[in-house]
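The chain contents come next:
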Amino acid sequence: MGKINAVTDYVIMKAKLDEASISLTHLKLQKILYYIQAWSLGINKKEMFDANFQAWVHGPVCREVYDRFSPCRSIYDEISQSDIGIPKDDFDKYLSKDEMAFIDYILENYLGFSGSELEEMTHQEAPWIEARKGIGKFERSEEVLSRETMLSYYGKKWEEISRKEA
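All values derive from a computational prediction rather than experimental measurement. All residue numbers refer to positions counted from 1 along the written sequence of the respective chain. The predicted nature of this model means local features are confined to residues of pLDDT at least 70 and side-chain atom pairs, given and counted, to a pLDDT of 80 or more, with totals for whole chains, interfaces and linings taken over all residues. Water and hydrogen atoms were dropped before computing side-chain values, which therefore reflect all heavy atoms in the structure.

Q: Could you give an account of the packing of helix α2 (residues 26–44) against helix α4 (residues 97–110), naming the residues involved and the relevant values?
A: Whenever a helix is involved, its axis is fitted only over the stretch in contact; in every case the axis is a line through C-alpha atoms, and angles between N-to-C directions fall within 0 to 180 degrees. Only DSSP runs of H or I reaching four residues or more are called helices, and only runs of E reaching two or more are called strands; each is numbered from the N terminus. Close contact between α2 and α4 brings their axes to 10 Å; oriented N to C, the two are set at 120°. Here α2 is positioned oblique relative to α4, judged by the angle of their axes. α4 is crossed by α2, and the crossing has right-handed handedness. Every residue of α4 that contacts α2 at I32, Y35, I36, W39, S40, I43 and N44 is listed here: F102, I103, I106, L107 and Y110. Roughly parallel means an angle under 35 degrees; roughly antiparallel means over 145; roughly perpendicular covers 65 to 115; every other angle is labelled oblique. Handedness of a crossing follows from how the near helix is turned relative to the far one, being left-handed for an anticlockwise turn of less than a right angle and right-handed for a clockwise one. In what follows, a contact means two residues having at least one pair of non-hydrogen atoms within 4.5 Å.

Below, the structure written as structure tokens:
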């Protein structure tokens, strides 16, 4: 199992942990994964996983994760616990404690937003804007968002956040 799938399953598990589970559509999952990768680049200066995000009409999409769910889920369908491939007690075989803590931090900040809200947020940020340059608003694209732009953009945002907290 690739690391992107371990992170995906971890996000699903955290969102669907109990009866008061949080809505997690395929669209929202894609944006959460994007923000995990983007902030890992910006804060840690390294990727959380080896995967690209394409500049689709509705925001960044990891084709590998899309292909995993597309046979049974549309982009607006709810993801459920039954979609998890890793037993809850086995995440430490795929993710370090630091990685899980980092993912938890991102989830604390983004899981409360809807998929549509997260989509709108990505559309206002430099990595998305750069990747969609010259592409019509509703035009299909598989242009990959630049890791360098993600690192730079979220790195600067992290510096701003860190200054405010200091």
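The structure having been displayed, the exposition proceeds.
Q: So what about the packing of α2 against helix α5 (residues 115–123)? Which residues, and what values?
A: Following both chains from N to C, one finds α2 and α5 inclined at 45°, their axes separated by 8 Å at the closest point. With respect to α5, the axis of α2 lies oblique. The interaxial crossing formed by α2 with α5 has left-handed handedness. Between α2 and α5, the residues in contact are L27, K28, K31, I32, Y34 and Y35 and G115, S116, L118, E119, M121 and T122, respectively. Ten residues, namely Ala, Val, Leu, Ile, Met, Phe, Trp, Tyr, Cys and Pro, are considered nonpolar, four, namely Asp, Glu, Lys and Arg, are considered charged, and the remaining ones, Gly among them, are considered polar. Grouping the constituent residues of the contact of α2 with α5 by class yields six nonpolar, three polar and three charged.

Q: How would you explain the packing of aromatic side chains if you had to name every residue and give the values?
A: What counts as a ring pair is set by centres within 6.5 Å for rings of Phe, Tyr and Trp (its six-membered ring), and what kind of pair is set by the plane angle: stacked under 30 degrees, edge-to-face over 60, tilted for all other angles. Tallied over the full model, the rule gives 12 aromatic pairs. Arranged with centres 5.4 Å apart and planes meeting at 80°, the rings of Y10 and F91 form a pair that is edge-to-face. Taken as a pair, Y10 in helix α1 (residues 3–15) and F91 in the loop between α3 (63–69) and α4 lie far apart in primary sequence, 81 residues in all. Buried means the residue's accessible area, taken with a 1.4 Å probe over protein chains only, is under 20% of the maximum for its type, while exposed means over 50%, and partly exposed covers the values in between. For Y10, a relative accessible area of 4% puts it in the buried group. Residues Y34 and Y154 carry aromatic rings whose centres are separated by 6.2 Å and whose planes lie at 75° to one another, so their mutual orientation is edge-to-face. Placement of the pair is Y34 in helix α2 and Y154 in helix α7 (residues 147–165), with a sequence separation of 120 residues. Judged on exposure class, the residue Y34 and its partner Y154 are both buried. An aromatic cluster is built from Y34, Y35, W39, F49, F53, Y110, F113, Y153 and Y154, whose rings are joined through pairwise contacts.

Q: I'd like a description of the environment of K133, backed by residues and values.
A: Tracing the chain through its elements places K133 in the loop between α6 (126–131) and α7. Residue class for K133 comes out exposed when judged on its relative accessible area of 72%. In this structure, the C-alpha to C-alpha distance between K133 and E143, residues 10 residues apart in sequence, is 9.8 Å.

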